[in-house]
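# Geometric and topological summary
So you can see what is in the structure, the chains are spelled out below.
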Amino acid sequence: MPPVTTTIGELRDRFEGTTLRITNEVTVEGRVTTHDGSANFYRTLCIEADGAALEIMAGLDHLHNDYPPGCRVAVRLQGWALGESRGVLQVGRMPSTGSGYATEYIASRAALDRMIVRDGTLPQPPEPTLRKLDELTPRMCGTLIRIEGLHYAPESLSPSGWGGYKRFADDRGASICTYVREYADFAEADVPAGRCSLTGILQRDGDRYILKIRDTNDCAQSPR
């Protein structure tokens, strides 16, 4: 493993909101919290350490084979762009002029092999942090969290599948939406009724928080 020069939290604290190229030698480490096996995370992976997260815009398929959830990695950031999208700190290529994206996909196996280094330990299942809806903050974006005591509460009649945005509420009426890509393997699977807990990567869309789940296992039904 290459020597770590800073933490993801410190990197986030120093980020000023505008995409920039990292010119000096910067290396962070963390554990992978996502997988793309069900195609809701598309060509990206998130890593987390000490309550701060970074999304790597890898640009390749089947990332879970090389970087399974829970594996520990060091990431060399020199030469890449640091940006923010949906409240999540990202690293990737500098965006093209007028692209509208914070960063763009790396899309090179050779570049990823130089950038990301796994350690030799076995992956440890990533443990989500238990959160309540009223304690979410922008700094938590990108982290893997679990929220308990929810129920599916659609705002209007909509297809029963997971695809798109689905609203869940707690007993006090506070709510959060999940997001599932229409191309995800489980996009057409029914959203379960009844009490449940949700696990996923926290994102932010304007003033509302979004939970991007990895697959249907991230929705666990609970006893009433």
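You'll find the structure just up there.
What counts and how
Residues numbered from 1 in each chain as written. Predicted model: local features only at pLDDT ≥ 70, side-chain atom pairs only at ≥ 80, totals over all residues. Heavy atoms only, no water. Pairing = 2+ DSSP bridges. Helix = DSSP H or I, 4+ residues; strand = E, 2+ residues; numbered from the N terminus. Buried < 20%, exposed > 50% of the residue type's maximum accessible area, 1.4 Å probe, protein only. Contact = heavy atoms within 4.5 Å. Phe/Tyr/Trp six-rings, centres within 6.5 Å; stacked < 30°, edge-to-face > 60°.

We now examine the sheet that holds strand S3 (residues 45–49). An order of S1-S6-S7-S4-S3-S2-S5-S8 is seen for the eight strands of this open sheet, with the pairing classed as mixed. Strand pairing shows two members of the sheet lacking a second neighbour, strand S1 (20–21) and strand S8 (116–118), which therefore form its edges. Direction of pairing for strand S2 (residues 27–32) relative to strand S5 (residues 72–76): antiparallel, over a ladder of five bridges. Along S5, the bridge assignment pairs Arg31 with Arg72.

Let us look at the side chain of Thr27. By the element assignment, Thr27 lies in strand S2. The exposure class assigned to Thr27 is buried, which follows from its relative accessible area of 3%. Here Thr27 is in contact with Pro2, Pro3, Val4, Thr5, Thr6, Ala74, Val75 and Arg76, once residues within four sequence places are set aside.

Once that is clear, we can look at the pairing of strand S6 (residues 81–85). In this structure, S1 lies alongside S6, joined through two bridges in antiparallel fashion. Following the sheet pairing, Arg21 is matched in S6 by Ala81. Here S6 pairs with strand S7 (residues 88–92) via five bridges, running antiparallel. For Ser85, the partnering residue across the bridge sits in S7 and is Val88.

Moving on, we get to the environment of Thr129. Tracing the chain through its elements places Thr129 in strand S9 (residues 129–130). Linking Thr129 and Gly200, residues 71 residues apart in sequence, is a C-alpha distance of 10.0 Å. In this structure Thr129 touches Glu48, Leu144, Ile145 and Arg146, once residues within four positions along its chain are discounted.

To continue, consider the packing of aromatic side chains. The final tally for this structure, using the stated rule, is three aromatic pairs. Judged by centre distance (5.4 Å) and plane angle (45°), the rings of Tyr152 and Phe168 are tilted. With Tyr152 in strand S10 (residues 144–152) and Phe168 in strand S11 (residues 164–169), the pair connects residues that are 16 residues apart, well separated along the chain. In this structure, Tyr152 and Phe168 share a single accessibility class: buried.

One non-glycine residue, Arg43, lies in positive phi territory at about 65°. Residue position: Arg43 is located in the loop between S2 and S3. We note that Asp50 has phi near 50°; this positive angle belongs to a residue other than glycine. With respect to the helices, strands and loops of the structure, Asp50 is situated in the loop between S3 and strand S4 (52–56). Given a relative accessible area of 80%, Asp50 falls into the exposed group.

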